[in-house]
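Okay, here's what each chain looks like letter by letter:
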Amino acid sequence: MATHRIRNTLIGGAATAATVMAVLSAAPAADAQVTGLSAGTGLAHINTTYTLTASVGGSNAGSQVGFWMGSPSGGAAAYMGASPVDSTGHATYQWTPTTAGTYTLIASDDGSSTSSNAQTIGISVTAVPVGGMGTGSASKIPIIGGVLSGLLSQFGLS
């Protein structure tokens with residue numbers, strides 16, 4: 001009786017292993033890989049949206065590319081979302097940093113931020129005052145403010 005159970009267990013295990021091998025061997029091989037990642041800038045500003053673009057090699061239109069963000073405070077990269085690969089071989093994702101620091105951005109087509117298919121870039125993010133970089137007046141610069149304001153007005157820039 002015990003021999004019968006052991007034999008059935010071994011046969012069942014072998015059948016399961018054979019089924020797994022058949023499924024794995026029939027799975028299509030990946031013919032694409034993320035080959036590049038770009039944010040369009042090396043220096044970003046908080047509360048500004050940037051388009052991350054992953055370039056994918058191979059004919060893979062419609063497949064998904066996942067995007068992850070490693071925060072300035074460290075720790076594991078956080079999954080942001082996925083985007084389909086278009087007919088030109090690119091997948092895009094809109095990213096808006098909310099704090100200053102250096103971020104690691106990752107794109108991968110196989111669902112893992114740590115795989116050999118992942119592409120990584122680093123982006124520095126700075127805080128910028130609302131309204132842009134300059135909101136002052138040239139005339140307020142000590143010593144040369146009056147001269148500078150005069151020159152700017154001659155060129156219609158004041």
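Residues numbered from 1 in each chain as written. Predicted model: local features only at pLDDT ≥ 70, side-chain atom pairs only at ≥ 80, totals over all residues. Heavy atoms only, no water.

(A) Up close: the side chain of asparagine 117. Topologically, asparagine 117 is positioned in the loop between β7 (101–108) and β8 (119–126). A distance of 3.0 Å separates polar atoms of two side chains, one belonging to asparagine 117 and the other to aspartate 109. For asparagine 117, the contacting residues outside a window of four places in its chain are Gln33, Val34, Ala107, Ser108, Asp109 and Asp110. (Helix = DSSP H or I, 4+ residues; strand = E, 2+ residues; numbered from the N terminus. Polar contact = N/O pair within 3.5 Å; in protein donor to acceptor, adjacent residues only side chain to side chain. Contact = heavy atoms within 4.5 Å.)

(B) Representation of the sheet that holds β7. Within the open sheet, the five strands sit side by side as β2-β8-β7-β4-β5. Their pairing is mixed. What marks the edges here is a single partner per strand, and that holds for β2 (43–45) and β5 (78–84). The sheet shows a mean angle of 30 degrees between the axes of neighbouring strands, direction not considered. Strand direction decides the pairing type here: β2 and β8, joined by three bridges, are parallel. Pairing of histidine 45 across the sheet is with threonine 126, part of β8. (Pairing = 2+ DSSP bridges. Axes fitted to C-alpha atoms, helices over the stretch in contact; angles between N-to-C directions.)

(C) Geometry of the packing of aromatic side chains. Under the counting rule described, the total for this entry stands at four aromatic pairs. With 6.4 Å between their ring centres and 45 degrees between their planes, tyrosine 50 and tryptophan 95 make a pair best called tilted. Of this pair, tyrosine 50 sits in strand β3 (residues 50–57) while tryptophan 95 sits in strand β6 (residues 90–95), placing them 45 residues apart in sequence. You'll find tyrosine 50 and tryptophan 95 in the same group, each marked buried. (Phe/Tyr/Trp six-rings, centres within 6.5 Å; stacked < 30°, edge-to-face > 60°. Buried < 20%, exposed > 50% of the residue type's maximum accessible area, 1.4 Å probe, protein only.)

(D) Up close: the environment of tyrosine 50. The buried category is assigned to tyrosine 50, whose relative accessible area is 12%. For the pair tyrosine 50 and threonine 92, spaced 42 residues apart in the sequence, the C-alpha separation amounts to 10.0 Å. Discounting residues that sit within four places of it in the chain, tyrosine 50 has contacts with Ala39, Thr41, Ala44, His45, Tyr93, Gln94, Trp95 and Pro97. Within the local environment of tyrosine 50, its side chain forms a polar contact with the backbone nitrogen of histidine 45, the two atoms lying 2.9 Å apart.

(E) Molecular detail of the confidence of the model for the chain. The predicted model of the chain has a mean per-residue pLDDT of 75, with 63% of residues at 70 or higher. In this model residues 9–31 is a low-confidence stretch, pLDDT under 50, and it forms four contacts with partners more than four residues away in sequence or in other chains. (pLDDT = per-residue confidence, 0-100.)

(F) The arrangement of the sheet that holds β6 in detail. Spatially, β1-β3-β6 is the arrangement adopted by the three strands of the open sheet, whose pairing is antiparallel. Each having just a single partner strand, β1 (33–38) and β6 make up the two edges of the open sheet. Adjacent strand axes in the sheet meet at a mean angle of 25 degrees when their direction is disregarded. In this sheet, β6 lies alongside β3 in antiparallel orientation, the contact comprising six bridges. Bridge assignment links alanine 54 to a residue of β6, and that residue is alanine 91.

(G) Representation of the environment of histidine 90 in the model. Turning to its location among the elements, histidine 90 is positioned in strand β6. In this structure histidine 90 comes out as partly exposed when scored by relative accessible area, which is 29%. For the pair formed by histidine 90 and valine 34, sequence separation is 56 residues and the distance between their alpha carbons is 9.0 Å. Those residues in contact with histidine 90 that sit more than four places away from it in its chain are Thr53, Ala54, Ser55, Pro84 and Val85. Polar contacts involving the side chain of histidine 90 include one to the side chain of threonine 88, which spans 3.0 Å.

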